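Architecture at a glance
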Amino acid sequence: MPKRVDHEERRTEIADALVRVAGRQGLHAVGMRDVAAEAGVSLRLVQYYFQTKEKLLLYGLEHLARRFTARVTARLAAVGDDPGPRAMIEAVLLVSLPTDEESRTFHLVYTSYAVLAVTDKALAAQPFTANPAAAEDAVAGLLQQAREAGLTLPGTEPRTEAITLLALTAGLGTSILVGHRTPESATAVLDHHLDRIFRGA
C-alpha cells in the first residue's frame, strides 16, 4: 500500500528549508532550486506545491508568522499560568530579539521580507507585512489592562508606549544582528524602558 503523503507537512518542510537558506544567503538570493536542495527534494516537487517563487515566498511569510507565534506561546507557558501584563509584553519583545539561532534567522528573514515588500506589491499586501498593527494592538491591549489595574505609572499612554516598545525592539534586534550590541545589553535596554512604564520596578 503506497504511503499517504501529508501535503501540509511537505509544504511546511519546504518552507522551513526556505527560511534556513534565506537565513544564510539573504532572501533576495534564494531560488527555488536552492530551496529544493536544502529540503532534499526535487525542484519539480517544490514547483508542484508552489508553482512560482512568489507563491513560495508568500507561504514562507505565513510560515514565519506561525513560527513566531509558537515561540511567544512557548515563552509564555514557561513563565507560568498567570504571568501578568508585563511578563506577557516581555515575552513578545524578547522573542523578537535575535538572541539564539532561530530568533536570529527570524529577525533576518523577516527584515528581508520587509525590504522586499517595498518593491513587491504582492508581498506588501500580505497581512504580516501590511498589518504590523496586530503586534501593536496586542501590546497596547496588555498595557491598557495594566493601566486599568493600576500597574503602570501615571500618564502612561498604552498605544504610544506599544509603538515605542516595538520600534525599540526592532532597532535593537538589528543592532544585535550587525554586532553593534549584545543580546544582554539589548535586553537591559528593554528592561529599563519597561521599568519606566510599570510601577514597583
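Our subject is the structure listed above.
Below, the structure is looked at part by part.

Rules used in this analysis
- Residues numbered from 1 in each chain as written.
- Predicted model: local features only at pLDDT ≥ 70, side-chain atom pairs only at ≥ 80, totals over all residues.
- Heavy atoms only, no water.
- Helix = DSSP H or I, 4+ residues; strand = E, 2+ residues; numbered from the N terminus.
- Buried < 20%, exposed > 50% of the residue type's maximum accessible area, 1.4 Å probe, protein only.
- Phe/Tyr/Trp six-rings, centres within 6.5 Å; stacked < 30°, edge-to-face > 60°.
- Expected span 1.5 Å × (residues − 1).
- Contact = heavy atoms within 4.5 Å.
- Salt bridge = Lys/Arg side-chain N within 4 Å of Asp/Glu carboxyl O.

A few words now on the overall build of the protein chain. Scanning the protein chain for helices and strands turns up 11 helices and zero strands. The helix and strand sequence of the protein chain, counted from the amino end, reads α-α-α-α-α-α-α-α-α-α-α. Taken along the three principal axes of its C-alpha coordinates, the protein chain extends 65 × 40 × 30 Å. Per-residue burial over the protein chain gives 37% buried out of 201 residues.

Let's shift gears to the packing of aromatic side chains. This model, assessed by the stated rule, comprises four aromatic pairs. With 5.3 Å between their ring centres and 55° between their planes, F50 and Y59 make a pair best called tilted. In this structure, F50 and Y59 share a single accessibility class: buried. The rings of F68, F106 and Y110 are connected pair by pair, giving a single aromatic cluster.

Quick look at helix α1 (residues 7-25) now. Over its 19 residues, α1 runs 27 Å from end to end, which matches the ideal 27 Å to within 8%, given 1.5 Å per residue. The complete set of buried residues in α1 reads I14, A15, A17, L18, V19, V21, A22 and G23. Considering only its buried residues, α1 is in contact with α2 (32-39), α3 (43-50), α4 (53-79) and α6 (101-117). One or two steps after α1, the chain reaches G26, where phi turns positive at roughly 90°.

We now examine the pattern of salt bridges. Tallied over the entire structure, the rule returns 12 salt bridges. When the shortest N-O distance is used, the salt bridge between R24 and E38 registers 2.7 Å. Remark: E38 occurs in helix α2 and R24 occurs in helix α1; sequence separation between them is 14 residues. Take R24: its relative accessible area is 56%, and that puts it in the exposed class. Owing to a relative accessible area of 26%, E38 belongs among the partly exposed residues under this scheme. Residue R86 is joined to E90 by a salt bridge in which the shortest nitrogen-to-oxygen separation is 3.2 Å. In this pair, R86 and E90 both sit in helix α5 (residues 84-96), four residues apart, roughly one turn of the helix. Salt bridges here are not isolated pairs; linked through shared partners, they connect D16, R67, R71, D100 and E102.

Over its 13 residues, α5 runs 19 Å from end to end, which matches the ideal 18 Å to within 8%, given 1.5 Å per residue. The element α5 is extensively covered by neighbouring structure, given that 10 of its 13 residues are classed as buried. Along α5, the residues that are buried comprise G84, P85, A87, I89, A91, V92, L93, L94, V95 and S96. Residues of α5 that are buried make contact with α4, α6, α9 (133-148), α10 (158-177) and α11 (183-195).

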